[in-house]
Amino acid sequence: MNALYATLAFLLIVAGMAALAIGMAQHHRQVFGRPPGVVQRAAWRGAGWLLLALALAPCWLGWGASMGSVLWVGLLAGGVLVVAGALAAGPKAG
Amino acid sequence: MNALGKAWLGLHAWGGMLFSWLLVPIFVAGSLAVFEPEIGHWMRPEIDVAPIAPSLAADLAERRLHEVGEAAPLWRVRLPTPREAGVGVSWGAQPRQLTEEVLAADGRPVPLRATHGGHFFTDFHAELMLGKSGRWIVGVIGIVMLAAIVSGIFIHHRILRDFFTFRPRANRRRAWLDAHNLIGVATLPFLLLITYSGVMILADTFMPAATQALYDGKPGGPRADAVKAFSRKASGEPAAMLPLREHLAAAERIFGPGKVTSLTVRLAGDRHALVQAHRTVDDRLGAVADHVTFDAVTGALLGQQLSWNPMTYAYRAQVGLHVAHFGGPVVRWVYFVSGLLGAAMMAAGTLVFLRKRRQRHDTGAVSRVLEGCGCASVAGILLACLAYLGSNRLLPAGLPSRDAWEVAAFFAAWVLALGHALWRGFPAWRGQLLLAGWLALLLPVLDLTTGGGDAWRLALDATAVVCGGLLLAATRFFRKESS
């Protein structure tokens, strides 16, 4: 059960980090070929933060508030690295 | 860059690089120490993972202790856990000088090879095998690490704009700097948490003033204040004790089934004998082990500690955050990977530093030493860890002071790697990483041909294969530099 919670949390974190990255001008250009509009940028960023916050839920369900929060912080690093690696492997990486 | 920025950069670059020579080994050993019991199991292939129910384990331990420990007043029983197989029994007069055995499912002691097992990595991580002076050194290094983290944040101007930036196909310096920045920023919360809590754990060593003043310099003072002890004098009259399994059952009624990790018998055989049961810490952040004490003869409850004073919780929560006994395999893997990422981040920083010097064609003696120590601290420490694991299986089981030879293999490999790196310079990186990668890939072969190969040991083998593959993949960044 805990492995399932951890997988879910990690997927939510990767999705959240990806949305945060797309909310940045240079990565939006890299993914969609054009810079984001003001609304789009806010939407991507909002979605990113929301997904990161949602990832707290499976961590807390599986490990309780204190241990779960530590795990969440630990998983954030993996999310950043996966998204950065994916962007670097993408076609327009510099 | 203004003068202050230059000063920050100088502190970060020189402080980080020089102290990385020990910080990288400390991070690597600390990451391995997360799996101390698992590594210990791998290093004692005599032990079988056959599950033993706690009550049966208590019976087996009791029978063995009556055989061999009848004269000893102190008995300890470590019950099998999903991480540590077999029943550990130990007995003796003094807590620090106990004779230890591990019992198999049939109750017979397993003939074990002498080894420090996974505890070597914990010891090296926390005190470099140097006892108290080692704790001083590690404490100082930890404080420098905190300074390096803070100065690193100050000199990283584009921390938010380059949050996800990694350009492996840009020039080599750019790529290494990106890797250093990216891993550093991604693992920043973990690095702060692990370094701060590590320094806090050691604080009593290098800031003993509080203990001196409050406890008249008695080193056990703070512990005695936090941990309730339910002890009494021996009566001098012998008496038969209740079976250990009954005490275990009584303790499980308090802590819950499967929550008892160890039983300690004091004044064994005396009418005033005591049995103390300790609760597991693996389901809570603060590393505080609740305990309960029974009269060994009557089974009456003599005392229990299920709550702790706030300072104990505050301190032991930091210990718990550092040693990560909580949260099961998921948390252990997160700590293991994060620790190795921290080591990789420092290695990338060292490479940026060394490359700058190389590009200035600075080939003097100083550069040679910096290059050699840098390589030995990263690739050399991996070879040393592999030599330690390999020697565990290759040294004859009956060799006198065998455990010391395993440690000698670790340090011999490290010194050889340093000599090689000083001699060869930059190409040593690639050579040593290739060797470490291939040795890690061969670890399962060694395991399967020297008596290992159960599911737990195969898990370690699989980890070694993945790490070896990553090392081999990384060697392509160490080809002769063109850009």
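(A) Quick peek at the overall build of chain A. Within chain A, the regular secondary structure consists of 4 helices and 0 strands. Listed by position from the N terminus, the elements making up chain A come as α-α-α-α. Overall size of chain A, expressed as C-alpha extent along the three principal axes, is 40 × 25 × 15 Å. Across the 94 residues that make up chain A, the buried fraction comes to 44%. Considering only residue pairs separated by 6 or more positions, chain A has 68% of its internal contacts joining residues 24 or more positions apart.

(B) Structural view of the overall build of chain B. Check the secondary structure of chain B and you find 16 helices and 7 strands. Here chain B has a C-alpha radius of gyration of 25 Å; the compact-globule value for 483 residues is 23 Å, and the two agree. The dimensions of chain B, computed from C-alpha atoms along their principal axes, are 80 × 55 × 35 Å. In chain B, which comprises 483 residues, the proportion classed as buried is 40%. Sequence-distant contacts in chain B: of pairs separated by 6 or more residues, those separated by 24 or more amount to 70%.

(C) Main features of unusual backbone geometry. All names here are of chain B. Of note in the backbone geometry, Leu267 takes a positive phi value of approximately 55° without being a glycine. Here Leu267 shows up in the loop between β4 (260-266) and β5 (274-279). Residue Leu267 is classed as partly exposed on the basis of its C-beta count, with 18 C-beta atoms lying within 10 Å. Positive phi is not limited to glycine here, since Ser401 has a value of about 40°.

(D) Spotlight on the pairing of strand β6 (residues 291-295) of chain B. All names here are of chain B. Burial of β6 is extensive: 4 of the 5 residues sit out of reach of the surface. Bridge count for β5 against β6 is 5 bridges, and the pairing is antiparallel. Bridged to Ala277 within β6 is Val292. Bridge analysis of β6 against strand β7 (residues 301-305) gives 4 bridges, and the strand direction is antiparallel. Its bridge partner lying in β7, His291 is registered against Gln305. Between β6 and β7, which pair antiparallel and follow one another directly, the connecting turn spans 5 residues, one of which, Gly299, has a positive phi of 85°.

(E) The nonpolar core, seen in detail. Judged by nonpolar contacts, the single largest core of 121 residues is most densely connected at Ile13 and Leu71 of chain A together with Ala384 of chain B. The biggest single contributor to this core is helix α12 (residues 328-359) of chain B, with 15 residues. Those residues in contact with Ile13 of chain A, other than ones at most four positions away along the chain, are Leu52, Ala55, Leu75, Leu76 and Gly79 of chain A. Of all hydrophobic cores here, the second largest spans 31 residues; its members include Ile52, Ala61, Val89 and Leu244 of chain B.

(F) Just helix α4 (residues 119-127) of chain B, in detail. All names here are of chain B. All of the buried residues in α4 are Phe120, Phe121, Phe124, His125 and Ala126. In this structure, the buried residues of α4 make contact with α1 (3-33), α2 (36-42), α5 (131-155), α13 (365-394) and α14 (402-424). One or two steps after α4, the chain reaches Leu128, where phi turns positive at roughly 50°.

(G) Quick look at the packing of α5 of chain B against helix α7 (residues 188-206) of chain B. Residues and elements named next belong to chain B. Orientation of α5 relative to α7, taken along the N-to-C sense of each, is 145°, at an axis distance of 9 Å. Here α5 runs over α7; the crossing is left-handed. Facing Lys132, Arg135, Trp136, Val138, Gly139, Gly142, Ile143, Met145, Leu146 and Ile149 of α5, the residues of α7 in contact are Leu191, Leu192, Thr195, Tyr196, Gly198, Val199, Leu202, Thr205 and Phe206. Tallied by class, residues from the contact of α5 with α7 come to 12 nonpolar, 5 polar and 2 charged.

(H) Quick peek at the domain arrangement of chain B. Entries for chain B in the domain assignment read domain 1 (54-111 + 220-312) and domain 2 (364-483). Averaged C-alpha coordinates put domain 1 of chain B and domain 2 of chain B at centres separated by 40 Å.

(I) Here's a closer look at the interface of chain B and chain A. Counting residues at the interface gives 22 residues for chain B and 24 residues for chain A. When residues of the side of chain B that touches chain A are assigned to their parent elements, the largest contribution, 6 residues, is made by α12 of chain B. When its residues are assigned to classes, the side of chain B that touches chain A shows 15 nonpolar, 5 polar and 2 charged.

(J) Spatial organisation of the sheet that holds strand β3 (residues 99-103) of chain B. Residues and elements named next belong to chain B. Strands sit in the order β3-β2-β1-β4-β5-β6-β7 across an open sheet of 7 strands; the sheet is antiparallel. Both outer strands of the open sheet, β3 and β7, are each paired with one neighbouring strand and no more. For this sheet, the mean inter-axis angle between neighbouring strands, taken without regard to orientation, is 15°. In this structure, β4 lies alongside β5, joined through 6 bridges in antiparallel fashion. Following the sheet pairing, Arg266 is matched in β5 by Leu274. Here helix α3 (residues 54-68) sits on the sheet and contacts β1 (74-78), β2 (87-92), β3 and β4; the angle it forms with β2, its principal contact strand, is near 30°.

(K) View of the packing of α14 of chain B against helix α15 (residues 427-449) of chain B. At a minimum axis distance of 8 Å, the contact between α14 of chain B and α15 of chain B shows a crossing angle of 145°. Contacts between α14 of chain B and α15 of chain B involve Ala417, His420, Ala421 and Arg424 of chain B from the former and Pro427, Ala428, Gly431 and Gln432 of chain B from the latter.

(L) Structural context of the environment of Ile13 of chain A. All names here are of chain A. As for its position among the elements, Ile13 is in helix α1 (residues 2-22). Overall, Ile13 belongs to the buried group, with 25 C-beta atoms counted inside 10 Å. Note: C-alpha distance between Ile13 and Leu54 (41 residues apart in sequence) is 8.5 Å.

(M) Spotlight on the confidence of the model for chain B. Here chain B averages 91 in pLDDT, and 99% of its residues register 70 or above. If you check the scores for this complex, the pTM reads 0.94 and the ipTM reads 0.93.

About the thresholds
- Residues numbered from 1 in each chain as written.
- Chains lettered and ligands numbered in written order.
- Predicted model: local features only at pLDDT ≥ 70, side-chain atom pairs only at ≥ 80, totals over all residues.
- Helix = DSSP H or I, 4+ residues; strand = E, 2+ residues; numbered from the N terminus.
- Buried ≥ 20, exposed ≤ 12 C-beta atoms within 10 Å, placed from the backbone.
- Contact = placed C-beta atoms within 7 Å.
- Rg over C-alpha atoms; globule rule 2.2 N^0.38 Å.
- Pairing = 2+ DSSP bridges.
- Core = buried A, V, L, I, M, F, W, Y, C linked by C-beta atoms within 7 Å.
- Axes fitted to C-alpha atoms, helices over the stretch in contact; angles between N-to-C directions.
- Left-handed = near helix turned anticlockwise from the far one by under 90°.
- Nonpolar A, V, L, I, M, F, W, Y, C, P; charged D, E, K, R; others polar.
- Domains from an automatic or database assignment.
- pLDDT = per-residue confidence, 0-100.

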